Amino acid sequence: MTDAQPETPGVQAQYAARVAADLETNRKEQERIGAEVAALQEQLQALENDHAVLLSMQQALGSPGPATGKTKQQPSRPQKAVPAPRTSNSNHRPARPTRSKKAVATKDKPTPNSPKVEAKAQTQTSSSPKAGPTLVELIDDHLVQQNEPRSAAEITTALAQALPDRTVKTTVVRTTVEGLVAKGRVQRTKQGSSVFYTSATPTEQSAAPQPETSSAN
């Protein structure tokens, strides 16, 4: 009967190296899973804290909702019966009659002779401009007197100087003079990006008849 041959030292070394590698792999896997478990536990703890905060906010707002998770459902509080309104008697003041919307509107609406209406009329009268030529007439007369085209800004400056107590704006002047252009009373010319206006109405000098020259017989 032959004796079993002992393993060679080379094979033992290979087994030892393989076992050591498996141990290292197992250790690293344990560390990885442990780290994941710790992270999940932190997430779970954060969710539980948020859940508790939300429950306290819900209770503070007085809007109970369905309980979830491990929390217990809070018993609903019995609602107190609302007492019926008491009828007026001799010991209490009589209830004030409700006024209709029409009556309230009629009361709040000022009458023609009321102080509010008179004050408003006085304000409008004081704020209204004095009787005088209109802006159309002023622009038309100004352009008739000019020998050269004028822009809206130049017309506004001239009118403001001539009428210091009257507010004249360039935008209003431009709109008014464009209306005169549409009516054919003012001619509109453009030089580059600037717009100029001249009167289409002949002046008195140009409209006056020229003396006839005696023709030779």
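Residues numbered from 1 in each chain as written. Predicted model: local features only at pLDDT ≥ 70, side-chain atom pairs only at ≥ 80, totals over all residues. Heavy atoms only, no water.

**Here we look at the pattern of salt bridges**
Going through the model one piece at a time under the given rule, you end up with seven salt bridges. Between Glu31 and Arg27 there is a salt bridge whose closest N-O contact spans 2.7 Å. Note that Glu31 and Arg27 are positioned in helix 1 (residues 9-61) at a spacing of four residues, about one turn of the helix. Note that Arg32 and Glu36 form a salt bridge whose closest N and O atoms lie 2.9 Å from each other. (Salt bridge = Lys/Arg side-chain N within 4 Å of Asp/Glu carboxyl O. Helix = DSSP H or I, 4+ residues; strand = E, 2+ residues; numbered from the N terminus.)

**Overview of the pairing of strand 2 (residues 194-199)**
In the sheet, strand 1 (residues 186-191) pairs with strand 2 via six bridges, with the strands oriented antiparallel. Residue pairing in the sheet places Lys190 in a bridge with Val195 of strand 2. Remark: two residues form the turn of the hairpin made by strand 1 and strand 2, two consecutive strands paired antiparallel; Gly192 in that turn has positive phi of roughly 70°. (Pairing = 2+ DSSP bridges.)

**Some remarks on the environment of Ile155**
With respect to the secondary-structure elements, Ile155 resides in helix 5 (residues 152-162). Classification of Ile155 as buried rests on a relative accessible area of 0%. Note: C-alpha distance between Ile155 and Leu143 (12 residues apart in sequence) is 8.3 Å. Once you skip the residues sitting within four places of it in the chain, Ile155 turns out to touch Ile139, His142, Leu143, Arg150 and Val173. (Buried < 20%, exposed > 50% of the residue type's maximum accessible area, 1.4 Å probe, protein only. Contact = heavy atoms within 4.5 Å.)

**Remarks on the nonpolar core**
General note: in soluble globular proteins, nonpolar side chains tend to be found buried as a group. With 13 residues, the main nonpolar core has Ile139, Leu143, Ile155, Leu159, Val177, Val186 and Tyr197 as its most contacted residues. For this core, the elements supplying multiple residues, two or more each, are helix 4 (135-145), helix 5 and helix 6 (170-183). In terms of residues, this core owes the most to one element, helix 4, which gives four residues. Every residue in contact with Tyr197, bar those within four places of it in the chain, is listed here: Leu143, Pro149, Arg150, Ser151, Ala152, Arg174, Val177, Glu178, Val181, Val186, Gln187 and Arg188. (Core = buried A, V, L, I, M, F, W, Y, C linked by side-chain atoms within 4.5 Å.)

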